[in-house]
Amino acid sequence: MGQFLNKGNKKFADFSKTKYFVDKTELINKLLEKDADEKFICNSRARRFGKSVTADMLVAYFSKGADSRSLFEPLKCAKDRQFLDNMNRYDTIFVDIQAQFAIAQFEKENPTRFISRNIVRELQEEYPDIALGGMALMNAVSRIYHETGSQFVIIFDEWDYPVRELAEGSGERSDYIELLRGLFKNSDAKEYIRLAYLTGIMPIVRKKGQSAVNNFMEYTMTNPMDLAQDIGFTESEVRMLCERSGADYGQMREWYNGYDLNGIAMYNPLSVVRALSSGRFQQYWTVTGTYGDIDDLISKNFDGLREEIIKMLSGNRIPINVSNGKNDLQYFKNKSEVITALIHLGYFAYDADAREAYVPNKEIQEVFYQYMEDNESDNLSRFMKFSEKILSTVLEGDAEETARQIQGVHNDFVSSIEYNDENSLSCTIMIALISAFRYYYKPVRGFPCEKGFADIVYLPLPNYPNRPVIVVELKWDKGADAAIAQIRKRQYPESLRSFSGEILLVGIDYDKKTKEHTCVIERLYAQTRAEEISSYGKKVLE
């Protein structure tokens, strides 16, 4: 058992005994079923999605010299003949690329030569009768295969680190790409490799200079295909963990759900586990990273980028073309490339069916909010402060000032929205009230009431039971009074009286001739039943 070669099953065995272990071993069956042209796999996910744990699981299963039968026996993987015949049969090379780059740089060595030399040394110790001294890694594994018939499983965790973080002209990056090309693109690779599994954050980009990995099957945050549910937590898995721990599933869902992978709702495992272990629902991403990604990418300041981000933070979705995404974080040509990068990093989610990007959950909203608090001069920060003033004006019941401020939002911030119907107006209102997410659930469009559907409803979070429910009804060339009349006629408040001590009725109209907004605000009171706010909010959002 070496540092790189046949590391065995201890890491995965230890992890499988932890309190919050979720069994994802069915992935192994899927990988074994891939045919010869599909055994080169790049499975990328956002940070802290469980990529490294998955790599440890594959090492435990494939590593020659280990005995993992009892470890996998109680788990979900199908123990068919193929599974049993392939268990612990292959020389398995595992490398954490980012960690090894850091060690090599500390030792003042070329990272690629450092990695290659150390793996070849362990191979020589394993095969002392085969002369490997001074060989390149690809030649060493090829010779071992041709002399022994032993195939290899090669697993690179954080495979994309040199590509996404180092400049395109970097010698260390170029050397690393040549290592990939030598291992995976030479004429013998299909023979000596049983499985090549790369995992990291960013996808492969098939362009000149990166053809080293263009023979890999790609599974990404935007196109996970049949491996969608195999990295990350599904809703049923999170519900099971909540039941086991006595945690509030509704709050867990509001805070951490929202990633759509091939139509499957997925959660970031790190955040779920931290919430379960601490008993607190809050933002945990700052523990594992900084706001540098956001700052660097948003500062590109491509035309319309800020407006698109504001739309998403307010609860709206935006159309996005992800086909021209990049896997480095150095050079971008347009806002679509920036937003696509933020999707792969996990800051936004992507609905492949609708081809839309959106903010997945409250945790990510908090990430952006904290970023804006730390960057007061940023345009996003200035807009958030403006939104806070609008929310205060609404809560104070100042209809005239509310209309004036919404007019300003439309004119100065989101003039790119073409007003065609009430749906366009809804987008503007949600943008104007973007700051409400600190105190309210995500705004519900088309909220079901007794005699119809309210256009937008804001339900206060359990921590803010004294905040009023806000019911927004929108009109187009009919006057704000008509919006309030519709709220009353269809008895929207009757469906909401049990959820808060106060209900604000906000009617907003847009006049196509004058190009102006008007507003009417009325205040109703009801008996406070804070516990029903939480239960009903969860029901609606589910």
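Residues numbered from 1 in each chain as written. Predicted model: local features only at pLDDT ≥ 70, side-chain atom pairs only at ≥ 80, totals over all residues. Heavy atoms only, no water.

*Asks:* Please clarify how the pattern of salt bridges should be interpreted in this entry.
*Replies:* Oppositely charged side chains can pair when the atoms bearing their charge come close. Per the counting criterion, the structure on display carries 26 salt bridges. With a closest N to O distance of 2.8 Å, Asp230 and Lys30 form a salt bridge. Residue Asp230 is located in the loop between strand S5 (217–219) and strand S6 (233–234), and its partner Lys30 is located in helix H2 (residues 26–32); the two are separated by 200 residues in the primary sequence. Overall, Asp230 belongs to the buried group, its relative accessible area being 4%. Relative accessible area serves as the criterion here: at 22%, Lys30 is assigned to the partly exposed category. Put simply, Asp85 and Arg81 hold a salt bridge, and the shortest N to O gap is 3.3 Å. Residue Asp85 and its partner Arg81 are both found in helix H5 (residues 81–86); the two are separated by four residues, about one turn of the helix. A network of salt bridges, in which partner residues are shared, links Glu158, Asp160, Arg164 and Glu165. (Salt bridge = Lys/Arg side-chain N within 4 Å of Asp/Glu carboxyl O. Helix = DSSP H or I, 4+ residues; strand = E, 2+ residues; numbered from the N terminus. Buried < 20%, exposed > 50% of the residue type's maximum accessible area, 1.4 Å probe, protein only.)

*Asks:* Looking at this model, I keep getting lost on the packing of helix H17 (residues 305–313) against helix H18 (residues 335–345). Mind explaining?
*Replies:* Helix-helix packing is characterised by the crossing angle of the two axes and by the distance between the axes. Where H17 meets H18, the axes come as close as 10 Å, and the angle between the chain directions of the two elements is 40°. One finds that H17 runs oblique with respect to H18. For the pair H17 and H18, the crossing hand works out as right-handed. Residues Leu305, Glu308 and Met312 of H17 form the contact with H18, whose own contacting residues are Lys335, Val338 and Ile339. Here the residues of the contact of H17 with H18 are counted per class, giving four nonpolar, no polar and two charged. (Axes fitted to C-alpha atoms, helices over the stretch in contact; angles between N-to-C directions. Parallel < 35°, antiparallel > 145°, perpendicular 65-115°, else oblique. Left-handed = near helix turned anticlockwise from the far one by under 90°. Contact = heavy atoms within 4.5 Å. Nonpolar A, V, L, I, M, F, W, Y, C, P; charged D, E, K, R; others polar.)

*Asks:* Explain the sheet that holds strand S8 (residues 264–267) here, please?
*Replies:* The strands that make up a sheet pair up through hydrogen bonds in the backbone, lying either parallel or antiparallel. Sheet architecture is open: three strands sit in the order S6-S8-S7, paired in antiparallel fashion. One side of each edge strand has no neighbouring strand; the edge strands of this open sheet are S6 and strand S7 (259–261). (Pairing = 2+ DSSP bridges.)

*Asks:* How do you make sense of unusual backbone geometry when you look at a structure like this?
*Replies:* Only a minority of non-glycine residues have a phi that is not negative, and only a minority of peptide bonds are not trans. Even without being a glycine, Met225 presents a positive backbone phi close to 50°. Positionally, Met225 belongs in the loop between S5 and S6. The exposure class of Met225 is partly exposed, given its relative accessible area of 28%.

*Asks:* What is the right way to read helix H6 (residues 97–106) from this model?
*Replies:* In an α-helix there are 3.6 residues to a turn, and that puts residues three or four apart on one side. Looking at H6, one finds that the buried residues are Ile97, Gln100, Phe101 and Ala104. Projected down its long axis, H6 carries its buried residues within an arc of 105°, all on one side. On its buried side, H6 packs onto strand S2 (91–96), helix H7 (111–126), strand S3 (152–157), helix H9 (161–165) and helix H10 (171–184). Capping of H6 at its N-terminal end is provided by Asp96; its side-chain oxygen lies 3.3 Å from the backbone amide nitrogen of Gln98. Within two residues after H6, Lys108 carries a phi angle of roughly 60°, on the positive side. (Arc of directions from axis to C-beta. Polar contact = N/O pair within 3.5 Å; in protein donor to acceptor, adjacent residues only side chain to side chain.)

*Asks:* Is there a simple way to think about the pairing of strand S1 (residues 40–44) in this case?
*Replies:* Moving residue by residue along a regular strand, the side chains alternate between the two faces of the sheet. The buried fraction of S1 is high, at five of five residues. Two strands pair when backbone bridges link them, and S1 and strand S4 (residues 193–200) are joined in this way by five bridges, in the parallel orientation. Directly across from Phe40, in S4, lies its bridge partner Ala196. Looking at chain direction, S1 and S5 are connected through three bridges and run parallel.

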